[in-house]
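A closer look at the structure
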Amino acid sequence: MEKVRIVEVGPRDGLQNEKQAIPTATKLELIERLAAAGLRDIEATSFVSPKWVPQMADHAEIMAGLQRRPGVNYPVLAPNLKGFEAAVAAGVTEVAVFAAASEAFSQKNINCSIAESINRFAPVFEAARQHGVKVRGYVSCVVACPYDGAIAPDKVAEVAARLHDLGSYEVSLGDTIGAGTPASVLRMLEAVATKVPVAQLAGHYHDTYGMAAANVYASYQFGVRVFDSSVAGLGGCPYAKGATGNVATEDVVYLLQGLGADTGVDLQRLVDCGAWISEQLGRAPQSRVTRALLAKQPAANGA
Ligand SMILES: CC(C)(COP(=O)([O-])OP(=O)([O-])OC[C@H]1O[C@@H](n2cnc3c(N)ncnc32)[C@H](O)[C@@H]1OP(=O)([O-])[O-])[C@@H](O)C(=O)NCCC(=O)NCCSC(=O)C[C@@](C)(O)CC(=O)[O-]
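Residues numbered from 1 in each chain as written. Predicted model: local features only at pLDDT ≥ 70, side-chain atom pairs only at ≥ 80, totals over all residues. Heavy atoms only, no water.

**Quick notes on the environment of Tyr-147**
Short version of the rule: Segments assigned H or I by DSSP are reported as helices when at least four residues long, segments assigned E as strands when at least two residues long, and all are numbered from the N terminus. We call two residues in contact whenever any of their non-hydrogen atoms come within 4.5 Å of each other.
Residue position: Tyr-147 is located in the loop between strand S7 (144-145) and strand S8 (149-150). Excluding residues within four positions of it along the chain, Tyr-147 makes contact with Ala-104, Phe-105, Lys-108, Tyr-239 and Ala-240.

This is the structure in structure tokens:
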């Protein structure tokens, strides 16, 4: 059976843009429920500036409060050495640096050019090697940018190659505004695959235009075996107006199960987790699979 690794980004990408205060205990319970559903890579938080992303300001408390399960990774975002050092002090064993394929998005998101961001990441990779910490690289705006429009596949390949050469064990390709279609995503993957082995690529697709599951399918057919997703489709990017959440993890698991792939995730437990966090946030789950399966369940009052 084909194995597919799902990187659950709900607690980070999913919650980072929430305007309402979310108690740290709720975030920790979400992470625990995701682990109980079988997720083995759960992006827990971000060691970024609390002035830029206030929702992630409790990063140290999150890492201190985790019920670490054997076999589960809890990676975090770290945009620079300051974030890396704080993450390591909090007991993190894997970080992700994040670059963009668009100059305007790089400026809005991390306040520097693409070249400057790579220069900031270099010491993070160096320090990570010394501490035995794994580093994942993200590229944002791999299809389109909210400010610069369409992005050339070769530009994505160039940035992905830089992150790979610096020492990323994997490069996650972010369709930040969810504008991609299978055709544009495949053009992008073809370009990136000339520089980074497909086995070291991940698809990170947002669902703004309802294309994310189709993009996962196209990428799977291309050979990608790692996908980032967010339970209940939580999310939206603070620096990409109107962009919706990631593809819902429930929808990815259902799709991959239908293809006969093994994700190690218990779909029913995941659906229950999606329903639970949606209730905590006071909204309906964005996952079509969760809505369909919940509609089939008998109501709690027997009606
Ligand atoms: C990168 C910076 C820090 C540059 O921000 P800056 O203002 O240029 O940084 P600076 O080095 O000039 O420092 C300014 C202040 O920030 C502090 N600072 C500096 N670094 C840190 C840190 N690590 N943690 C905490 N504090 C920090 C620093 O100490 C200083 O504090 P002050 O003296 O003013 O009190 C800022 O722009 C930032 O934090 N940006 C984060 C943006 C972000 O988190 N975006 C969302 C994640 S990316 C994403 O969602 C896309 C992705 C990955 O999911 C893929 C996709 O879908 O595309």
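**Notes on the layout of surface pockets**
Formally: Both site types are read off a 1 Å grid over the protein atoms alone. A 1.4 Å probe that fits but cannot get out defines a cavity, while an open set with protein on both sides within 12 Å along at least five of seven lines defines a pocket; lining residues have an atom within 4 Å of a point. Grid points are joined across faces, edges and corners, and a volume is the space filled by probe spheres set on the points. Residues are grouped as follows: nonpolar covers Ala, Val, Leu, Ile, Met, Phe, Trp, Tyr, Cys and Pro; charged covers Asp, Glu, Lys and Arg; every other residue, Gly included, is treated as polar.
Taken as a whole, the largest pocket encloses approximately 620 Å³ of empty space. Around the largest pocket, the lining comprises 33 residues; the ones closest to its centre are Val-48, Pro-79, Phe-98, Asn-109 and Ile-110. Residue assignment for the lining of the largest pocket shows that the elements contributing at least two residues are helix H1 (10-14), helix H4 (81-89), helix H5 (103-110) and strand S6 (134-140). Of the residues belonging to the lining of the largest pocket, the class tally is 16 nonpolar, 13 polar and four charged. Put simply, the second largest pocket is a space of about 240 Å³. When residues of the lining of the second largest pocket are traced back to their parent elements, those giving at least two are helix H9 (212-222) and helix H12 (288-296). A class-by-class count of the residues in the lining of the second largest pocket yields four nonpolar, seven polar and four charged.

**Points about the pattern of salt bridges**
Our working rule: We define a salt bridge as a side-chain nitrogen of Lys or Arg found within 4 Å of a carboxyl oxygen belonging to Asp or Glu. In this scheme, a residue with accessible area under 20% of its type's maximum is buried, one over 50% is exposed, and one in between is partly exposed, where area comes from a 1.4 Å probe on protein chains only.
This structure, assessed with the given rule, holds 14 salt bridges. For Arg-283, the salt bridge goes to Glu-18, with nearest N and O atoms at 2.6 Å. Of the two residues, Arg-283 sits in the loop between helix H11 (267-281) and H12 while Glu-18 sits in the loop between H1 and helix H2 (24-36), which places them 265 residues apart along the sequence. Owing to a relative accessible area of 13%, Glu-18 belongs among the buried residues under this scheme. The shortest N-O distance in the salt bridge between Lys-27 and Asp-58 comes to 3.0 Å. A residue pair is termed long-range when its members are at least 10 positions apart, and Lys-27 in helix H2 and Asp-58 in the loop between strand S3 (45-46) and helix H3 (59-65) qualify at 31 residues. Of the two residues, Lys-27 and Asp-58, both sit in the buried class. A network of salt bridges, in which partner residues are shared, links Arg-5, Asp-41, Arg-136, Glu-170 and Asp-228.

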